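# Per-entry structural report
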Amino acid sequence: MNDSISNRAAIEMMTRCKHEIQSLRAQIDRLKPKADAYDNLAIVLSLLPRQSIGMGEDLVWILDKRVRELKSDETTSEA
């Protein structure tokens, strides 16, 4: 039994993941003003301390990069 998946299946899975992440990011963008308003009100009322904002890896960029690599591998192997 082969546990690895084909490049095509990997590309489809990563593309679905990418679209889901982008959809969730759009939802966050729509909700962010409300969250910011709540946080600002809480700070004014001294309920929450100010939190630093950190940056993490961009998963969409990583998925896109891997899709490009797999597509490149696929076209190279077909030639």
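One can find the structure itself at the top, above this paragraph.
Described below are features of the structure shown in this document. As the structure is a prediction and not an experimental result, all values here were calculated from the model.

What counts as what
Residues numbered from 1 in each chain as written. Predicted model: local features only at pLDDT ≥ 70, side-chain atom pairs only at ≥ 80, totals over all residues. Heavy atoms only, no water. Helix = DSSP H or I, 4+ residues; strand = E, 2+ residues; numbered from the N terminus. Buried < 20%, exposed > 50% of the residue type's maximum accessible area, 1.4 Å probe, protein only. Contact = heavy atoms within 4.5 Å. Core = buried A, V, L, I, M, F, W, Y, C linked by side-chain atoms within 4.5 Å. Patch = residues over 30% accessible without salt bridge, like charges linked within 9 Å, V, L, I, M, F, W, Y side chains within 5 Å. Areas by Shrake-Rupley, 256 points an atom, 1.4 Å probe, with all protein chains shown as cover. Salt bridge = Lys/Arg side-chain N within 4 Å of Asp/Glu carboxyl O. Axes fitted to C-alpha atoms, helices over the stretch in contact; angles between N-to-C directions. Parallel < 35°, antiparallel > 145°, perpendicular 65-115°, else oblique. Left-handed = near helix turned anticlockwise from the far one by under 90°. Nonpolar A, V, L, I, M, F, W, Y, C, P; charged D, E, K, R; others polar.

### Some words on the overall build of the protein chain
- The helix and strand inventory of the protein chain stands at two helices and zero strands.
- When each of the 79 residues of the protein chain is scored for burial, the buried share is 13%.
- In the protein chain, the share of contacts with a sequence separation of at least 24, taken over all contacts with a separation of at least 6, comes to 83%.

### Section: the nonpolar core
- Ranked by size, the top nonpolar core spans eight residues in total: A10, I11, M14, I21, V60, L63, V67 and L70.
- Looking at this core, the elements with two or more residues in it are α1 (7-44) and α2 (59-78).

### Some points on a nonpolar patch on the surface
- A cluster of nonpolar residues, L41, V44 and L45, forms a patch on the protein surface that exposes about 320 Å² of accessible area.
- Topologically, L45 is positioned in the loop between α1 and α2.
- For L45, a relative accessible area of 51% puts it in the exposed group.

### Describing the pattern of salt bridges
- Applying the stated criterion across every chain yields a total of five salt bridges.
- For K18, the salt bridge is made with D64, and the minimal N-O distance between the two is 3.2 Å. Of this pair, K18 sits in helix α1 while D64 sits in helix α2, and the two are 46 residues apart along the sequence.
- Put simply, K65, R66 and E69 are held in one network by salt bridges that share partners.

### With respect to the packing of α1 against α2
- Following both chains from N to C, one finds α1 and α2 inclined at 160°, their axes separated by 9 Å at the closest point. Classified by the angle between their axes, α1 and α2 sit roughly antiparallel to one another. Remark: the crossing between α1 and α2 carries left-handed chirality. Residues N7, R8, A10, I11, M14, T15, C17, K18, I21, Q22 and R25 of α1 lie in contact with α2, whose contacting residues are L59, V60, L63, D64, R66, V67, L70, K71, D73 and E74.
- Of the residues that constitute the contact of α1 with α2, the class distribution is 10 nonpolar, three polar and eight charged.

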